[in-house]
Amino acid sequence: MTDKLPVAEKIRILHVINSLGIGGSETLLVNHVRRLSEVHSEFASEVCVLGHRAAANPYYIARLPREPHFLEFSGRYRNPIEAGRCVSGLRRLVKKCAPEIVHSYLWNANVFAALSTVGLRVKRISHVLDRRGERNAARFIVRLRTRGTGWLLRRGCSRFVAVSDACRRHAIQEFLVHPNQIVTAHNGIVLSDFAANEKPLFSRQPACFGTISRFAEEKGHSYLIEAFAMLAAQHIPARLKIAGSGRLLPGFRARVERLGLSDRIEFAGHVPS
């Protein structure tokens, strides 16, 4: 890893995330931090995990340039005592690390980072990763949470980063983020992490695709199933294995059966890490 500048001369960033278990947001953070350490020597990154170290994935920890800080938060953000302790712990860590930038991912981390940096001279970046929350939702608690979250995120935030144009539009509409304050940075992969495959993607043997996520509307399983229905209509050999669980799983199983795709799409259910 590149380390050309003394730490004192680097731009210090504290990355904050809810947990470090297996997940897309966790992979995003690890790739960001690793890429910064390998390519951009002018940055020095520290990682703060709100949750428990025992629940962290060893693979992620091994890929980080430094051991993360764990605040051992239970995740029960509705409990004011536990949430308050976590915010206080994060504030102490911010003061100790003295970063120029606090970069947070996911709802808890974004809100807690906003609360913990009140009055501190630090720039804050919030990563917008989903489209939950509506200002005019039918349920009062959803409206209240959305408006409160928007106010907290906008307060003192230097920049927002959205993982898609849809997330950007949602942040502008529901959280009232100014369009000039939010940019879209699509998720990508590090090509060098994958071995080259000289075989054609679609040959006589069906190509096998896989995905792992909980079954929720924002995960986009509907689009994936539609895509495989299109492949089937064109007689292109391909199979799909979907791992994960959730309340929407039975509906997707029934949909696959109705489309006649049961021989192409397999549901593996919950797969322990």
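See the structure printed just above.
Bear in mind that the values here come from a model prediction, so they are computed numbers and not experimental data. (Residues numbered from 1 in each chain as written. Predicted model: local features only at pLDDT ≥ 70, side-chain atom pairs only at ≥ 80, totals over all residues. Heavy atoms only, no water.)

Trainee: I'd like to hear about the overall build of the chain, residue by residue, with values.
Mentor: Scanning the chain from terminus to terminus reveals eight helices and ten strands. Within the chain, buried positions represent 40% of all 273 residues. Contacts in the chain between residues far apart in sequence, at least 24 positions, make up 64% of those at least 6 positions apart. A total accessible area of about 16100 Å² is found for the chain, and carbon and sulfur atoms account for 54% of it. (Helix = DSSP H or I, 4+ residues; strand = E, 2+ residues; numbered from the N terminus. Buried < 20%, exposed > 50% of the residue type's maximum accessible area, 1.4 Å probe, protein only. Contact = heavy atoms within 4.5 Å. Areas by Shrake-Rupley, 256 points an atom, 1.4 Å probe, with all protein chains shown as cover.)

Trainee: Explain the sheet that holds strand β2 (residues 43–49) to me, using residue names and the numbers behind them.
Mentor: Taking strand neighbours across the sheet as the criterion, the seven strands line up as β3-β2-β1-β4-β5-β6-β7 in an open arrangement whose pairing is parallel. The sheet terminates laterally at β3 (69–70) and β7 (182–184), the two strands that pair on one side only. Sitting on the sheet, helix α3 (residues 80–97) is in contact with β1 (11–17), β2, β3 and β4 (101–105), with an inclination near 165° to β1. Across the sheet, helix α6 (residues 165–174) is in contact with β5 (123–128), β6 (159–162) and β7; its angle to β7 comes to roughly 165°. (Pairing = 2+ DSSP bridges. Axes fitted to C-alpha atoms, helices over the stretch in contact; angles between N-to-C directions.)

Trainee: Describe the sheet that holds strand β10 (residues 265–269), naming the residues involved and giving the relevant values.
Mentor: The strand order β8-β9-β10 describes an open sheet built from three strands, whose pairing is parallel. The sheet is open, and its two edges are formed by β8 (207–212) and β10, each paired on a single side. Pairs of neighbouring strands in the sheet enclose a mean axial angle of 20°, with direction left out of account. Examined bridge by bridge, β8 and strand β9 (residues 238–243) share six bridges and lie parallel to one another. By the bridge assignment, Gly210 is partnered in β9 with Lys241.

Trainee: If you had to explain the packing of aromatic side chains to someone new, which residues and values would you point to?
Mentor: Tallied over the full model, the rule gives six aromatic pairs. For the ring pair Phe73 and Phe112, a centre distance of 5.4 Å and an interplane angle of 55° mean the geometry is tilted. Taken together, the residues span a long stretch of sequence, with Phe73 in the loop between β3 and α3 and Phe112 in helix α4 (residues 107–116) at a distance of 39 residues. Judged by its relative accessible area of 7%, Phe73 is buried. Taking the centre distance of 6.0 Å and the plane angle of 45° together, the rings of Phe215 and Phe267 count as tilted. In this pair, Phe215 is assigned in the loop between β8 and α7 (221–233) and Phe267 in strand β10, connecting sequence segments 52 residues apart. For the pair formed by Phe215 and Phe267, the shared burial category is buried. (Phe/Tyr/Trp six-rings, centres within 6.5 Å; stacked < 30°, edge-to-face > 60°.)

Trainee: For the environment of Val94, give the residues involved together with the corresponding values.
Mentor: Turning to its location among the elements, Val94 is positioned in helix α3. By relative accessible area, Val94 is classed as buried at 4%. Measuring from C-alpha to C-alpha, the distance between Val94 and Ala113 comes to 9.3 Å, with 19 residues separating the pair along the chain. Apart from the residues lying within four places of it in its own chain, the contact partners of Val94 are Leu14, Pro99, Val102, Thr117 and Leu120.

Trainee: If you had to explain the pattern of salt bridges to someone new, which residues and values would you point to?
Mentor: Under the defined criterion, the tally for this structure stands at six salt bridges. Taking the shortest distance from any N to any O, the salt bridge between Arg132 and Asp130 comes out at 2.7 Å. Accessibility expressed as a relative area gives 45% for Arg132, which makes it partly exposed. Here Glu226 makes a salt bridge to Arg255, at a shortest N to O gap of 3.4 Å. Of this pair, Glu226 sits in helix α7 while Arg255 sits in helix α8 (residues 249–258), and the two are 29 residues apart along the sequence. (Salt bridge = Lys/Arg side-chain N within 4 Å of Asp/Glu carboxyl O.)

Trainee: Give a description of the packing of α4 against helix α5 (residues 140–154) that names residues and reports values.
Mentor: With their axes 9 Å apart at the nearest point, α4 and α5 run at an angle of 50° to one another. Put simply, α4 runs oblique to α5. Of the two elements, α4 crosses α5, and the hand of that crossing is left-handed. On α5, the residues touching Trp107, Asn110, Val111, Ala114 and Leu115 of α4 are Arg145, Thr149, Leu152 and Leu153. When the residues that make up the contact of α4 with α5 are grouped by side-chain class, the tally is six nonpolar, two polar and one charged. (Parallel < 35°, antiparallel > 145°, perpendicular 65-115°, else oblique. Left-handed = near helix turned anticlockwise from the far one by under 90°. Nonpolar A, V, L, I, M, F, W, Y, C, P; charged D, E, K, R; others polar.)

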